[in-house]
Amino acid sequence: MVAKNNKKNKSIKSSSKNKFTNNFISTFLILILIMAIYSFIAEQGSDKQEISLSELATDIKEGEVSKIVVEGEELIVTHTDGEKVSKKEAQASLTETLSNYGVTPEQISGVSINIKNPSGLGFWLIQLAPFLLPLVFIIFLIWFLSRQVKGAGMQAFSFGQSKARITFPHDKKQKVTFKDVAGNIEAKEELKEIVDFLKNPKKFLEIGARIPKGVILMGAPGTGKTLLARAVAGEAGVAFFSISGSEFVEMFVGVGASRVRDLFKLAKHTAPAIIFIDELDAVGRVRGTGVGGGNDEREQTLNQILVEMDGFEPTEKVIVMAATNRPDVLDPALLRPGRFDRRVAIDLPDRKDREAILVIHGDKKPFAEDVDLKVIAERTPGFSGADLYSLMNESAILAARENRNKISQYDLIRSIEKVMLGPERRSHVLSKREKEITAYHEAGHALVASVLPYADPVHKISIISRGRAAGYTLKLPFEDRRLQSRKEFLDDIAVSLGGYVTEQMIFDDLTTGASNDLQVSTALARDMVTKYGMSEKIGPVAFEGSGGRAMFGKGVGDREYSERIGADIDSEVTNFMIDARDKAKKILTENRKILDTIAKRLIEVETIEREEYDKILVANGIALKTKQDIEHQG
Ligand code: ADP
Ligand code: MG
Ligand code: ZN
């Protein structure tokens, strides 16, 4: 139930289609603007009455004209009844033209003629617009099209080039060092060797030591693999080329392999350098299995990586690092000596490390005095570094939203649940009956958990929706667990069925609210039988999860056991489930009164915290679990 945040570095790409529409729109707008200006200016000239030259000549003869302003071909005539405009021939002068119309020189001299140089932007625009406008349009079109073509050409050209993001050692802002990575002591210890080599290769080469070419970081999502790889580059002060496995196989066939080639070439140029391939499993899955439609592209990419890694000399001072959270599906060829022969496992942080991670991410955040990160670390078993990072962030958001300038312990505690279960959905209103069913359902989970000896203690019960769940019961182990026992699993299944059994018992009916519980617990029961050898009847055999080639060598859906065993497994899973249900039913029937108490209280207050819940238990004669109990039993 731990929420994962999928933050990914996205390189900024705008699709060419988008660009096309953008350009098109801007062209269009510019054209409209030009047209508007043109018509505006043209308009200005035409608001006066226009008369012909012969009319003008007649008017002059009759002495009705006092003044003519000549602007190119344009004539602005001051008439006794207002201003008028006219046009003369382009080549001839005005006096010539007028005398052609039979106006005598005396009559002309009675008119003051003012010749202005045709000037002004407006004038020229009007003159030229009819030619200019189409011309501008054509030029623009040519330019626009050529840009598109060039763009496409450039893109085609850059297909092969690696899409790696490069961080240079002098880039102080992006620099990450081991100090920024909490915990992971062993991993850091391993990686220090790489740092040493990159810093001082001569020392190693002189003594004839063979330096690993490839290091693979393996661990759950969010445990800081990417961060650690960056830190190695930061510590060594070398260039860091980072690319994600999925980016190799993007878009076009034949590109992945050439990207690999370019990337290695670039890195060798910049050596010493680190090439970091994130999510290696995207390209590095076992070849030749036909899973995913026999992706040739992927195989070629993988082959190219192998070729490049084989090809470079130890003196080249380029180290390939990779990260994956699926080491089980990697092609064995990747793990051969001379390739990714160093494997560094990165675990989920334990309590101490969680505290250290919280300290790192809380470094620049203002905390209230009541904040105790140790308590938060205790309450977050199973959280990854990335989860803790988002916990810190959520708490800051909470404080800011409530207009406080310091983060309080309560903010942090609320954020734990938010990260685990998703945000509360208070707006999701349950009907009275739904509320009742949910309250009993959750009370059922909680009560079974409190009575069964190997189940984790209950921290909180709530019927406020969160994420997809209508209500939830939060259980937390006393401390981090590496191993889980058969007894714990069996109790866990019974707790999961607590809600289901309660619904059946109290309402004589079932709702869909128990479906997730059933899925989770059935999957657990199946794992017990097929993975952990925890079924007496089936015995010490692991049928599933052997991973790697064994799993992928077979077609999808192929079972690794006979029909008969398959039927036995199914019946054994069903047995586990039925036993668990009976166990839950017994507890709930015997403690019906407490069940009612808890459910009623839940309907009333919607959320019961641990302190209150413990009081209810004690008042009803159920002993609280202590850490020692669990240790003795476990
Ligand atoms: P991965 O690559 O393993 O999925 P990331 O390296 O991307 O995980 O980690 C995501 C974020 O979680 C990091 O950017 C960092 O903020 C935080 N984080 C994870 N592990 C640690 C750690 N050990 N110390 C400090 N921060 C961590
Ligand atoms: Mg990563
Ligand atoms: Zn449930």
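Q: I tried to follow the packing of aromatic side chains on my own but got confused; where do I start?
A: Where two aromatic rings form a pair, the distance of their centres and the angle of their planes describe that pair. Using the criterion set out here, one finds 5 aromatic pairs in the structure. Judged by centre distance (6.0 Å) and plane angle (80°), the rings of Phe197 and Phe204 are edge-to-face. Accessibility classification places Phe197 together with Phe204 in one group, the buried group. Ring geometry for Tyr440 against Phe507: centres 5.8 Å apart, planes inclined by 85°, an arrangement best described as edge-to-face.

Q: It is not clear to me how the coordination of the zinc ion (ligand 3) should be interpreted in this structure. Could you clarify?
A: Ideal values differ by geometry: the angle at a metal is 109.5 degrees with four tetrahedral donors, but 90 or 180 degrees with six octahedral donors. Here the zinc ion (ligand 3) is held by the protein donor atoms His441 (NE2), His445 (NE2) and Asp517 (OD), which lie 2.0 Å from it. Along the chain, the residues donating to the zinc ion (ligand 3) are arranged with the sequence spacing H-x3-H-x71-D. Linking His441 with His445, this pair stays in helix H17 (residues 432-451), spanning 4 residues, or about one helical turn. For the residue pair His441 and His445, the accessibility class agrees, reading buried in each case.

Q: Please clarify how the sheet that holds strand S11 (residues 342-346) should be interpreted in this entry.
A: Strand order in the open sheet formed by 6 strands is S6-S8-S9-S10-S7-S11, and the pairing between neighbours is mixed. With partners counted over all chains shown, the strands left at the sheet margins are strand S6 (165-167) and S11, one partner each. Within this sheet the neighbouring strands show an average axis-to-axis angle of 20°, counted without direction. Taken together, the 5 bridges between strand S9 (residues 273-278) and strand S10 (residues 318-324) define a ladder with parallel strand orientation. Bridge pairing in S10 places Ala273 opposite Val318. Along the sheet face, helix H6 (residues 185-199) touches strand S7 (214-219), S9, S10 and S11 and points at about 140° away from the line of S11. Sheet contacts for helix H8 (residues 225-236): S6, S7, strand S8 (239-244), S9, S10 and S11; angle to S9, the most-contacted strand, approximately 175°.

Q: Which parts of the structure should I look at to understand the pattern of salt bridges?
A: Opposite charge on two side chains lets them pair, provided their charged atoms get close. One pass over the structure, following the stated rule, counts 24 salt bridges. Two residues, Glu394 and Lys418, come together in a salt bridge whose shortest N-O distance is 3.2 Å. Of the two residues, Glu394 is situated in helix H15 (residues 385-401) and Lys418 in helix H16 (residues 409-421); the sequence distance between them amounts to 24 residues. Salt bridges linked by common partners bring Glu402, Arg404, Asp411 and Arg414 together as one network.

Q: How should I be thinking about the sheet that holds strand S4 (residues 82-87) in this particular structure?
A: Strand pairing in a sheet takes place through backbone hydrogen bonds and is either antiparallel or parallel in direction. Within the open sheet, the 5 strands sit side by side as S1-S4-S3-S2-S5. Their pairing is mixed. In this open sheet, the two strands that pair with only one neighbour each are strand S1 (49-50) and strand S5 (112-116). Pairing of S1 with S4, which is carried by 2 bridges, proceeds in the parallel orientation. Following the sheet pairing, Gln49 is matched in S4 by Lys84. Against the sheet, helix H2 (residues 53-61) contacts strand S2 (65-71), strand S3 (74-79) and S4, and its axis sits at roughly 145° relative to S2.

Q: Just to check I follow, could you spell out the site of ligand 1 for this structure?
A: Neighbouring ligand 1 are 17 residues, the closest being Ala182, Gly222, Lys225, Thr226 and His361. At 2.9 Å, a backbone N or O of Ala182 approaches a nitrogen atom of ligand 1. If you list the elements that add at least two residues to the shell around ligand 1, you get H8, helix H13 (351-361) and H15. For the shell around ligand 1, the domains that each give at least three residues are domain 2 (165-345) and domain 3 (351-421).

Q: Where do I start with empty space enclosed by the protein in this structure?
A: What the rule picks out here adds up to 4 cavities of 30 Å³ or more. Its volume calculated, the largest cavity comes out at about 120 Å³. For the largest cavity, the lining is made up of 13 residues, of which Thr167, Phe168, Lys175, Ala233 and Gly234 are closest to its centre. Per-element accounting of the lining of the largest cavity gives the leading share, 3 residues, to H8. In terms of residue class, the lining of the largest cavity is made up of 6 nonpolar, 4 polar and 3 charged.

Q: Can you walk me through unusual backbone geometry in this structure?
A: Only a minority of non-glycine residues have a phi that is not negative, and only a minority of peptide bonds are not trans. Despite not being glycine, Asn403 has its phi angle at roughly 55°, a positive value. With respect to the helices and strands, the residue Asn403 is situated in the loop between H15 and H16. For Asp508, which is not glycine, the phi dihedral falls at a positive 55°. Structurally, the position occupied by Asp508 is in the loop between helix H18 (486-507) and helix H19 (515-530).

Q: What is the right way to read helix H23 (residues 610-619) from this model?
A: Each α-helix winds once per 3.6 residues, and so residues spaced three or four apart point in a common direction. Considered for burial, the residues of H23 that qualify are Tyr613, Asp614, Ile616 and Leu617. The buried residues of H23 occupy one face: seen down the axis, they fall within an arc of 155°. Exposed residues pointing more than 90 degrees away from the buried face of H23 are listed as Glu611, Lys615 and Ala619. Residues of H23 that are buried make contact with H17, strand S12 (458-462), helix H22 (592-605) and strand S14 (607-609). Gly621 lies just past H23 and shows a positive phi near 80°.

About the thresholds
- Residues numbered from 1 in each chain as written.
- Chains lettered and ligands numbered in written order.
- Predicted model: local features only at pLDDT ≥ 70, side-chain atom pairs only at ≥ 80, totals over all residues.
- Heavy atoms only, no water.
- Phe/Tyr/Trp six-rings, centres within 6.5 Å; stacked < 30°, edge-to-face > 60°.
- Buried < 20%, exposed > 50% of the residue type's maximum accessible area, 1.4 Å probe, protein only.
- Donors = N, O, S within 2.8 Å, 3.2 Å for Na, K, Ca; no water.
- Helix = DSSP H or I, 4+ residues; strand = E, 2+ residues; numbered from the N terminus.
- Pairing = 2+ DSSP bridges.
- Axes fitted to C-alpha atoms, helices over the stretch in contact; angles between N-to-C directions.
- Contact = heavy atoms within 4.5 Å.
- Salt bridge = Lys/Arg side-chain N within 4 Å of Asp/Glu carboxyl O.
- Near = heavy atom within 4 Å.
- Polar contact = N/O pair within 3.5 Å; in protein donor to acceptor, adjacent residues only side chain to side chain.
- Domains from an automatic or database assignment.
- 1 Å grid on protein atoms, 1.4 Å probe; cavity = no way out; pocket = protein on both sides within 12 Å on 5 of 7 lines; lining within 4 Å.
- Points joined across faces, edges and corners; volume = space filled by probe spheres on them.
- Nonpolar A, V, L, I, M, F, W, Y, C, P; charged D, E, K, R; others polar.
- Arc of directions from axis to C-beta.

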